[in-house]
Structure formats: structure tokens, C-alpha cells
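Spelled out from the first residue to the last, the chains are:
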Amino acid sequence: MITLKNVILRRSAKVLLDGATVTLNPGEKVGLVGRNGAGKSTLFALLNGTLHEDGGDFSIPKQWRMAQVAQNMPETEESATDFVVGGDTRLTELREQLAAIEAAYAENPDDADIGMELAHAYTDLADAGEHDAVPRAQALILGLGFKTHELDAPVNSFSGGWRMRLQLARALMCPSDLLLLDEPTNHLDLDALVWLEAWLQKYPGTMIVISHDREFLDAVTDVTLHIANAQLTRYGGNYSKFEDMRALQMEQQQQAFAKQQEKIAHLQKFIDRFKAKASKAKQAQSRVKALERMERVAPLLAEADFSFEFKEPGNIPNPMLSISNASFGYVVEDAEPKTILRGVNRSVLAGQRIGILGANGQGKSTLVKTIAREMGALAGQVTEGKGLNIGYFAQQELDVLHPGSNPLEHMVRLARELGGNAREPSGEQALRGYLGSFNFSGDMVKQPVGTMSGGEKARLVLAMMVWQRPNLLLLDEPTNHLDLATREALAVALNEFEGTLMLVSHDRALLRSVCDEFWLVGRGVVGDFEGDLDDYQRYLLDESKRLREEAKVAVREAEAAAAPAAAATPAPQQRKQDAQDRQQRSDQAKPIKREIAQIDERLAKAATERAELEARLAQPLPAGEIAEAGKRLKALNDEIGRLEERWLALSDQLEALAA
Ligand SMILES: Nc1ncnc2c1ncn2[C@@H]1O[C@H](COP(=O)(O)OP(=O)(O)OP(=O)(O)O)[C@@H](O)[C@H]1O
Ligand SMILES: [Mg+2]
């Protein structure tokens, strides 16, 4: 049980918790929610012991093993698999212990105590799951979207987002009683996200997850902990339930209610506009649903009191952009370029709102980056309309921020860079006012970016983008780190935006509410996706089923090719042939059965010897003997493992023969 009683928690001058009281029970799946900068990550720092309460009582069971995702970017030549196996801290610890004891034993082979320790170290390691650590790690890595050939690739060879996925796999690898996840979905695509949901639903321990993704929270949590106004409030239920309960509370407050009505009226305008406008009935429908959803959470927005808008872009070229006969991909040093997408023929017209869909690694970001001029096309033409002004927002863009500078300095720098092209007032006072409209208060415009929360940084990047008055928005996972209110504000702003929009996002709610049409990036090409998001989720399922089927067919074909060709047999000879086949099968089965019998015998003997050894090790023995026995035990365990594997392979063969 985790308990906080009247806890006070500070960060510099900010009081993040002021007399917070809450209890979390073992096994609960808790969603920790609240505005950007409310103190969620700071609360994690309290839970994992990096920070101490400034007042009140905080307690957490001492014996609980805790797993969490490291926030740093891993830099290592280790293979992806080894890196993730290393996340099993118990295994790593035991391996290190064993190495130390082995070293001590090599120096002092006659020390009884060391010998005993050695024997224990071997058995402990086996108990900790040493034998299947690698397949367990690889299942996690593949589940998070890596390809089989990447399992042994060095961690350093992956891009930032993928390395963070490995950090996530490493945390999941760690056996734990308490799992702390701080925005685990930020680096995931929709399909990896769906896999993670399924994994977490089976996690047996206590889990606390910080997330701003309502659908994810609904899927994996049953308790919601809300942090606001330096207080913690516990709600029994997932995020939607929490929203409902909270909405009810808010409705009871007259003032908030009035504000909410305003917002609803505002949203209704959009529903009407889109009902009239959207040509494809199905998409219009899902869009209306999304807006209805926003209507329901309007009370939260009212509380948030934050909104922004994109300024009307000056001139909008039409087409904005056209791509003909193009190939996109990467230039590789000293090798052929790696083509990811080919035969791309597309144009983007003024006012289009395109959601870009596609599974992991299919080239969504390649497409977006090429349009954003971050990389060149390998072949063909990308023609830009005159006056095209791209506002590009990518997750990695948080790197464009300078940790030592504050928001105001960032804006001043941006204004200077744009020079005469800036269309907004760029004096310091104006910039302060502008930042204020993005919820950067007087103090915060001077806070170094390095100490800001993830969402605060993302909001700053967004502010910098809006300030440039783009007419084509190219957004690659823009909602990462943003809290729900800011997401809603972004959704509203995007709905009002008069320019053109291309959006990659795993945020289903956002895709639903702002996109009219979808492109699908997959199997090396870019095409239209006919349908809505629900169709897309079905498509993802079908696609993974198709890949599995393909793999199966390939295996079957390979087997058929390896087997002697069975000629069509004339009917009269059929019976004879059948009898011959049976005979042949039984001939083939004989040596297999014989080997199985031998293995059974050997396994029985090994098991007896193991039991004897274990019994002997429980007695006081001379040092040398203990160590010998320990070594023998390890050798036996290894042998048993090998025999069992062989046994399984043989029985598979037998089964195949019988079929
Ligand atoms: N070292 C620091 N000095 C000053 N302020 C800090 C420091 N560290 C954090 N803060 C402030 O404390 C507040 C809480 O930060 P925290 O990272 O816990 O927020 P969060 O709830 O996790 O937000 P997000 O949803 O954006 O991740 C933020 O306003 C942040 O700017
Ligand atoms: Mg945080």
C-alpha cells in the first residue's frame, strides 16, 4: 500500500503538493493525470526516492521492487537484446554476484563458505529465469515494433525514438511489484501502442501510469489520480469515468457552467460547419462523434481556460505542393541509397486536412521530412506552390530548444532569425504578451527551458511555430507531452485553421477530430485510405494477420519443396500406396521414438543426480567439495535444459509425421 498523508512537495519556489492525502492499494492500475506542469513527474520522483517530501508522511512498502523507464537516451554498442535483458535488474545482479564469487573461488578454492556461496549463486540464477531471459526480452522488443533482423543490432544504430522504445522494453523486462510509467506512449506508433495496452492489461503488479492519452488510459487503468491545485484526488474508475465525475462536479459550479455553455456553442458551430461541408458521410459522422466528445469534456476545457488560434495565413497557394514520380528514402554513405517509398504521385490542395496513417517503419516520417525539406527526394520532383510557408512540428523538435535559455530568449532569437519576414510584432513586450497567450506567465518566461516539464517545452515549440504564421502545417506526433486541455485547445485551433494540414499521430481522438481524409503509407507506396479510423484499426489487424499467414505459407512451401514430390496416384494403386506411406512414416518415426526414449532415460537419471546433489549441498561439506558440487549442478541444469529442448523438437517431428 502506498500512502501519502498531508504531504508537501516543492520544486524551487513552486509548491506542487500542499497537504496531499491519498492511498493506493496493491494491484491497482492507476492513471495519474493533470495539467502540464502540475507535478506528475515530480510525484514519481517522490515515489522512486529521488526526491523527499518537504512535509507530511509518505510511505511505500520497503520490499517492493520498482520498475521504471529511464529517461536518458541510451548510448551503447550493446545489442538491443542484451540491452533489454539487462533491464532485469535481479538477473543482472545475480550474474554480477556469480562472477564475483567465481573470481573469489578461483583465488581460494579451499574456502568452504565461498564454495557454498558459489553453489547458491548458480541455483539463484536459474531461479531468476536465466534460461529464458533472451526469448522474453525479444518478445518485448518485437512487440514494440522492431523487426527480427534488428534484435542483434547495436543500440547506437537506432534513432532516438527507437532507443526510447528499447528503454521501455527494458523497464517491462524488470520483474516488479510497482511499475511507474511516465508517458510511455510518446514514442510509440498506433500498432505498438495497441500491443502495449494488451501487455499492461496482463501486468499483475501495481501500476501507476502518467498519460495524456484518454483512450490508452481507459484501456489500462481502473483508478484515476488527479493532481490539481497542489492536491491529489482519487477517483475509482478509468479516465472516462473520471471525466464524467469531474464534469459533474464542475457543472455544479455555476460560473464554470456558464463558461462551458460558451464553449459548447462554439463547438456546435463547428459541428454544423462540418456536417454541411464533409462530403464523405462516414467520415463526417466520426468527426461529429469526436466533436460530441469534446462537448462532453467542455467543462474541463472551461477550467483549463486556455486556447490559442492560428493566425489567418496570408496567401495560400493552390496546389500547395505537388509530388511527381518521386522516390523517397535515405542516402547511405558508400552504398546505394535506401529507398523507402517509390512512385509517389500526390498533390496537396489548399484546405485539405490529411491524416497520414501507416504501421511502424513504413515511411510516414520519411514522407513528412521530405516535404519539410529536412531531406531531399531520391528521384522525381517535389514542387512547392509559390509562397508556401511550412510549419513543421516534430517530436525531435524539442531538441531545437536550448536548455539554458528561457522562453523569452527563444522568441527573441526566432524574431531575429526571421528578420524582416516576421509578420508579428517582435518587441520584447509584445513577445511577452504573446507567450502569455500560450500560458507562459510572468515568471515562466524567465525560467530556463531545461527545468521545464515535457508539456511546457512542447507548448513553447508550438508557440514558436504558430508565431511564424504557416500556411501548411506538417505535424508529426504533435501531442506528445501535451496535456488534454492543451490537446483540446490544439484540436480546436486546428479545426479553425484556414490553411492546409498534414498530421501524423497516434492520438486517435485528435485524428478523428481534425482530419477529413487519410493517406496510407505502406508496402513502399503512398495511397488514399478509404474509410475512417475504425476501418484503419481493422486494417492493422488484418495486415498483421496477413503477414503471419504469409510467413506460414512460406514455411509450408519450403517444407513441401524439401519433401520428395508426391506424384498423383492412379486410383487402383491408391490403397497400396497408402499402406506404403504408412509403412514409410512408421519407419521414419522409429529412430525418433528411439531417441525420445533415450532422452527420457537420461532425463530421469539427471533429475535423480540433481536431487542428490541438492541434498548434499544442504549438508556441511569441505570447501572443495561444495564448489565441485555447485559446478556439477550447473552443468546438470544446462544438460537438462538441452535435453528438454531436443525432446520438444523430436516430439514436434513425431506429431508432424502423424498428421
Ligand atoms: N528544477 C526546477 N526548477 C524550477 N521549476 C521546476 C524544476 N523542476 C520542475 N519545475 C517545475 O515544476 C512543475 C512540475 O513539473 P513536472 O515535471 O512534475 O510536471 P508534470 O506534471 O510532469 O508535467 P508534464 O505533463 O508537462 O510532464 C513545472 O511547472 C516545472 O516547470
Ligand atoms: Mg511529466
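The chain has the name Probable ATP-binding protein YheS in an unreviewed UniProt entry, where Variovorax guangxiensis is given as its organism. A UniProt comment under Sequence similarities (unreviewed entry) is attached to the chain, and it reads "Belongs to the ABC transporter superfamily. ABCF family. YheS subfamily."

Our next topic: the sheet that holds strand S10 (residues 321–330). Taken in spatial order, the 3 strands make up an open sheet running S11-S10-S13, and their pairing is antiparallel. Only two strands of the sheet have a single partner each, and these edge strands are strand S11 (338–348) and strand S13 (379–384). The sheet shows a mean angle of 30° between the axes of neighbouring strands, direction not considered. Summarising the sheet, S10 and S11 pair through 7 bridges and their orientation is antiparallel. By the bridge assignment for S11, Tyr330 is matched with Lys338. Each of S10, S11 and S13 is contacted by helix H13 (residues 364–371), which is oriented at about 125° to S10, the strand it contacts most.

Right, let's get into the pairing of strand S7 (residues 206–210). For S7, the tally of buried residues reaches 5 of 5 residues, placing the bulk of the element in the interior. With 4 bridges joining them, strand S3 (residues 29–33) and S7 adopt parallel strand pairing. Its bridge partner being in S7, Leu32 is matched across the sheet by Ile210. Across 5 bridges, strand S6 (residues 178–182) lies against S7 in parallel orientation. Bridging from a neighbouring strand, Asp182 pairs with Ile210 of S7. You can see the chain leave S6, run along helix H7 (residues 190–202) and come back into S7, and the turn it takes is right-handed.

As a matter of local geometry, ligand 1 sits amid 21 residues, with Lys40, Ser41, Thr42, Ser453 and Glu456 nearest to it. Between Gly37 and ligand 1, the recorded distance is 2.8 Å, taken from a backbone N or O atom to an oxygen atom. One nitrogen or oxygen atom from the side chain of Ser41 is found 2.7 Å from an oxygen atom belonging to ligand 1. Contact with the protein chains covers 88% of the free accessible surface of ligand 1, which is 650 Å². A per-class count over the shell around ligand 1 returns 3 nonpolar, 12 polar and 6 charged.

This brings us to unusual backbone geometry. Asn318 connects to Pro319 through a cis peptide bond whose omega is -5°. Tracing the chain through its elements places Pro319 in the loop between helix H12 (298–304) and S10. Residues other than glycine seldom take positive phi values, yet Arg373 does so here, at roughly 65°. Examined against the element boundaries, Arg373 turns out to sit in the loop between H13 and S13.

Okay, the packing of helix H14 (residues 407–418) against helix H16 (residues 454–467) next. In helix packing, the relevant descriptors are the interaxial angle and the interaxial distance, both defined with respect to the helix axes. Where H14 meets H16, the closest approach of the two axes is 11 Å, and the angle between their N-to-C directions is 25°. In terms of their interaxial angle, H14 and H16 are classed as roughly parallel. Judged by the sense of rotation from one axis to the other, the crossing of H14 with H16 is right-handed. Contact residues: H14 offers Pro407, His410, Met411, Leu414, Ala415 and Leu418, while H16 offers Leu460, Met464 and Trp467. Residue classes in the contact of H14 with H16 are distributed as 8 nonpolar, 1 polar and no charged.

Pairing is antiparallel in the open sheet, where 3 strands are placed in the order S2-S1-S4. Every other strand in the sheet has two partners, leaving strand S2 (14–24) and strand S4 (55–59) as the edge strands with one partner each. Pairwise comparison of adjacent strand axes, ignoring direction, gives a mean angle of 30° for this sheet. As paired elements, strand S1 (residues 2–11) and S2 share 8 bridges and run antiparallel to each other. Of the residues in S2, the one forming a bridge with Arg11 is Lys14. The sheet strands contacting helix H1 (residues 40–47) are S1, S2 and S4, and the helix crosses S1 at an angle near 120°.

With that settled, consider the pattern of salt bridges. Proximity of charged atoms lets side chains of opposite charge pair with each other. Overall, the coordinates contain 18 salt bridges when judged by the stated rule. We note a salt bridge from Glu28 to Arg234, for which the minimum N-O separation is 2.7 Å. One end of the pair, Glu28, is in the loop between S2 and S3; the other, Arg234, is in strand S9 (residues 231–236), with 206 residues separating them in the sequence. The buried category is assigned to Glu28, whose relative accessible area is 12%.

This part is about H16. In this model, H16 (14 residues) spans 20 Å end to end at C-alpha, consistent with the 20 Å of a helix rising 1.5 Å per residue. Taken across its 14 residues, H16 has 12 buried, putting it largely inside the fold. Arg469 sits one or two residues past H16 and shows a positive phi near 50°.

It is worth spelling out the nonpolar core at this point. One finds Leu166, Leu200, Phe308, Phe310 and Leu494 to be the most contacted residues of the largest nonpolar core, which totals 104 residues. For this core, the element with the most residues is H16, which contributes 9 residues. Sequence-distant contacts of Leu166, defined by excluding residues within four places in its chain, comprise Ala80, Phe83, Val84, Ile141, Phe146, Val155 and Phe158. One finds Ile2, Ala38, Leu43 and Leu46 within the second-largest nonpolar core, a separate group that totals 27 residues.

Moving on, we come to the confidence of the model for the chain. Considering every residue of the chain, the mean pLDDT works out to 83; 85% of them sit at 70 or more. In this model, residues 297–303 is a region of pLDDT below 50 whose contacts with residues beyond four sequence positions or in other chains number 21 contacts. This stretch, residues 564–570, has a pLDDT under 50; its non-local contacts, to residues over four places away or in other chains, come to 2 contacts.

Close contact between helix H5 (residues 133–143) and H7 brings their axes to 9 Å; oriented N to C, the two are set at 135°. Between H5 and H7, the crossing angle belongs to the class labelled oblique. For the pair H5 and H7, the contacting residues are Ala139, Leu140 and Gly143 in the first and Ala192, Trp195 and Trp199 in the second. For the contact of H5 with H7, the residue count by class is 5 nonpolar, 1 polar and no charged.

Parameters and conventions
- Residues numbered from 1 in each chain as written.
- Chains lettered and ligands numbered in written order.
- Predicted model: local features only at pLDDT ≥ 70, side-chain atom pairs only at ≥ 80, totals over all residues.
- Heavy atoms only, no water.
- UniProt positions renumbered as here; feature names shortened; annotations may be inferred.
- Pairing = 2+ DSSP bridges.
- Helix = DSSP H or I, 4+ residues; strand = E, 2+ residues; numbered from the N terminus.
- Axes fitted to C-alpha atoms, helices over the stretch in contact; angles between N-to-C directions.
- Contact = heavy atoms within 4.5 Å.
- Buried < 20%, exposed > 50% of the residue type's maximum accessible area, 1.4 Å probe, protein only.
- Right-handed = clockwise from strand over helix to strand, strands pointing away.
- Near = heavy atom within 4 Å.
- Polar contact = N/O pair within 3.5 Å; in protein donor to acceptor, adjacent residues only side chain to side chain.
- Areas by Shrake-Rupley, 256 points an atom, 1.4 Å probe, with all protein chains shown as cover.
- Nonpolar A, V, L, I, M, F, W, Y, C, P; charged D, E, K, R; others polar.
- Parallel < 35°, antiparallel > 145°, perpendicular 65-115°, else oblique.
- Left-handed = near helix turned anticlockwise from the far one by under 90°.
- Salt bridge = Lys/Arg side-chain N within 4 Å of Asp/Glu carboxyl O.
- Expected span 1.5 Å × (residues − 1).
- Core = buried A, V, L, I, M, F, W, Y, C linked by side-chain atoms within 4.5 Å.
- pLDDT = per-residue confidence, 0-100.

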